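Next come the chains, spelled out residue by residue.
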Amino acid sequence: MKAKKIMAVLLAVSVIGSVAGCAKVKKISEEDFISACESMGAEEVDPEDDDTDTDALEDGVYMIMDHDYLEEHEDDFTSALSSSVGMYGVDVPDADAILEIDDVEEIVVFAKMDENIDDINDPEDISDLDVDAVVGMHITLTDADKVEDIMNGLSDTLDEMGVNVEDLSSDEYYVGKNEGYLRFNIAAEDLIASFVDSDTAAYLALLDADVEEYLDGMTGDIAVATYINGEDMVIVFGAAVNNTVEYLDEFCGYLKIDTPSKLDSNTTIAQAICDYIDDTIGQMLSGFAAMAQSYDY
């Protein structure tokens, strides 16, 4: 009899364990996020402080913005959200179509970056660029039931770029009950290959800019991920030029989440980003190129 009771208890525990372990997205609280920021060496700064300098970014900074602050700075909130969506390579003028300010209780933003941008004075110097940057954002939602709407909004954003989430792997896109993620990685080589073949690059060539020569041999990655579990939403973005996304990988390690940099490079999204550039910057450059050609005659 005792053996049967023990087996029943073990069976119950195993069932509970299997249900508890079915979540695919780790829940990251604001406290967890801030702890990861501080483990990266970041110090808190006042969001009203406009004096954050390059040295501070090298050490890492984070800021906390509560709902009252966000309401007072609604334009900044929309801009920040558009920037985070812009990590996916597309501008969203109506950012609140994905997330409205009333959906947000608090936001924590983190950044850390090593770069030598000040040393780049001419296009010929671009090949000497050296960057390792990470940006993170924790959003505390007012309602845990917003996950599906937000994931649908991100899906629509990718659709605007010509990327169907159904074509993404299960490692790149997932939506479950009150949880989901969207993540991808793009190797610099793939992005450069798409850009060199773009209309924008052709227009730059007409303006005597040898894009292919400038970018030849450059390495790096762009890796992005959005994780949502209930009321906790985390966005991480890592970029490296002639470097590795070490800061992103380290930050994800402290958050105890998978870093998107380990995913295979997504050439479809690389091409979609370049198509978007053609539709925006490329359109402007086409006018300049036409003017330049007219003067040649």
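Our structure is the block above this text.
As a convention, each chain's residues are numbered from 1 in the sequence order in which they are written. Only residues with pLDDT of at least 70 are given local features in this predicted model, and only at 80 or more are side-chain atom pairs given and counted; all residues enter the totals for whole chains, interfaces and linings. Excluding hydrogens and water, the side-chain figures rest on all heavy atoms present in the structure.

Draft legend 1. Representation of the overall build of the protein chain in the model. The way it works is that DSSP assigns letters per residue, a run of H or I at least four long becomes a helix, a run of E at least two long becomes a strand, and they are numbered from the N terminus. Summing up its helical and strand segments, the protein chain has 11 helices and eight strands in all. Among the 297 residues that make up the protein chain, the fraction classed as buried is 42%. Contacts between residues were defined by any pair of non-hydrogen atoms, one from each residue, lying within 4.5 Å. The long-range fraction of contacts in the protein chain, counting pairs at least 24 apart against all pairs at least 6 apart in sequence, stands at 73%. Carbon and sulfur atoms make up 49% of the accessible area of the protein chain, which totals about 15,800 Å². Each residue is assigned to one of three classes by its accessible area relative to the maximum for its type, calculated with a 1.4 Å probe on protein chains only: buried under 20%, partly exposed between the two thresholds, exposed over 50%. Every accessible area reported is derived by Shrake-Rupley at a probe size of 1.4 Å, with residue values counting cover from the shown protein chains alone.

Draft legend 2. Just the pattern of salt bridges, in detail. We count a salt bridge whenever a side-chain nitrogen from Lys or Arg sits within 4 Å of a carboxyl oxygen from Asp or Glu. Tallied over the entire structure, the rule returns four salt bridges. Lysine 146 serves as the salt-bridge partner of aspartate 103, at 3.4 Å between the closest nitrogen and oxygen. Placement of the pair is aspartate 103 in the loop between α5 (74-86) and β3 (104-115) and lysine 146 in the loop between β4 (131-141) and α6 (147-160), with a sequence separation of 43 residues. A relative accessible area of 11% places aspartate 103 in the buried class. Aspartate 249 is paired through a salt bridge with lysine 262; the nearest N and O atoms lie 3.7 Å apart. With aspartate 249 in helix α10 (residues 246-255) and lysine 262 in the loop between α10 and α11 (267-296), the pair connects residues that are 13 residues apart, well separated along the chain. The class for lysine 262 is exposed, based on a relative accessible area of 64%.

Draft legend 3. Quick look at the layout of surface pockets. Whether a set of points on the 1 Å grid over the protein atoms alone is a cavity depends on a 1.4 Å probe fitting there but being unable to get out, while an open set qualifies as a pocket with protein on both sides within 12 Å along at least five of seven lines; lining residues are those with an atom within 4 Å of a point. Grid points are joined across faces, edges and corners, and a volume is the space filled by probe spheres set on the points. Empty space within the largest pocket amounts to approximately 720 Å³. Secondary structure elements with two or more residues in the lining of the largest pocket: β6 (179-187), α7 (188-196), α9 (211-215), β7 (220-229), β8 (232-241) and α11. As a working rule, the residues Ala, Val, Leu, Ile, Met, Phe, Trp, Tyr, Cys and Pro are called nonpolar, Asp, Glu, Lys and Arg charged, and the rest polar, with Gly in that last group. Of the residues that constitute the lining of the largest pocket, the class distribution is 24 nonpolar, three polar and one charged.

Draft legend 4. The sheet that holds β7, seen in detail. Overall, mixed pairing links the eight strands, which are arranged β1-β2-β3-β4-β8-β7-β6-β5 in an open sheet. Looking at which strands have only one partner, the edges of the open sheet turn out to be β1 (43-44) and β5 (173-176). By this definition, two strands are paired if DSSP reports at least two bridges between them. Bridging between β1 and strand β2 (residues 61-66) involves two bridges; their strand directions are parallel. By the bridge assignment, glutamate 43 is partnered in β2 with valine 61. A fitted line through C-alpha atoms serves as each axis, taken over the contacting stretch for helices, and the angle formed by two N-to-C directions is quoted from 0 to 180°. Across the face of the sheet, α7 comes into contact with β6 and β7 while running at roughly 70° to β6.

Draft legend 5. Region of interest: the packing of aromatic side chains. Aromatic pairing here means that ring centres of Phe, Tyr or Trp (its six-membered ring) are within 6.5 Å. Orientation follows from the plane angle: under 30 degrees is stacked, over 60 is edge-to-face, and everything else is tilted. Scanning the entire structure with this criterion turns up four aromatic pairs. Plain terms: the ring middles of tyrosine 181 and tyrosine 227 are 6.2 Å apart, the flat faces sit at 55° to each other, and that makes the pair tilted. One end of the pair, tyrosine 181, is in strand β6; the other, tyrosine 227, is in strand β7, with 46 residues separating them in the sequence. Overall, tyrosine 181 belongs to the buried group, its relative accessible area being 3%.

Draft legend 6. Spotlight on the pairing of β6. Of all nine residues that make up β6, nine are buried, and the element is covered over most of its length. Pairing of β5 with β6, which is carried by four bridges, proceeds in the antiparallel orientation. When the sheet's bridge partners are listed, glycine 176 is paired in β6 with glutamate 179. A loop of two residues connects β5 with β6, the two strands running antiparallel in sequence, and asparagine 178 in this loop sits at a positive phi of about 60°. Inspection of the sheet shows β6 paired to β7 by nine bridges, in the antiparallel sense. Paired with alanine 187 across the bridge in β7 is aspartate 221.

Draft legend 7. Up close: the side chain of glutamate 30. Mapped onto the elements of the fold, glutamate 30 is located in helix α2 (residues 30-39). Counted charges follow a simple rule, with Lys and Arg positive, Asp and Glu negative, and His plus the chain ends left uncounted. Here glutamate 30 is buried and forms no salt bridge, its nearest opposite-charge partner lysine 27 lying at an N-O distance of 12 Å. Residue contacts for glutamate 30: discarding those within four places in its chain leaves Glu106, Val108, His138, Thr140 and Asp232.

Draft legend 8. Just unusual backbone geometry, in detail. Even without being a glycine, asparagine 242 presents a positive backbone phi close to 50°. Tracing the backbone through its elements, the reader meets asparagine 242 in the loop between β8 and α10. Taking the relative accessible area as the measure of exposure, asparagine 242 reaches 23% and is therefore partly exposed. If you check the backbone angles, lysine 256 has positive phi at about 65° while not being a glycine. By secondary structure assignment, the location of lysine 256 is in the loop between α10 and α11. Using a relative accessible area of 61% as the deciding quantity, one classes lysine 256 as exposed.

Draft legend 9. Structural context of the environment of aspartate 258. On the secondary structure map, aspartate 258 appears in the loop between α10 and α11. What makes aspartate 258 exposed here is its relative accessible area of 53%. Through-space distance from the C-alpha of aspartate 258 to that of valine 25 is 9.7 Å; in sequence the pair is 233 residues apart. Leaving out residues up to four positions away in the same chain, aspartate 258 has contacts with Arg183, Tyr227 and Cys252.

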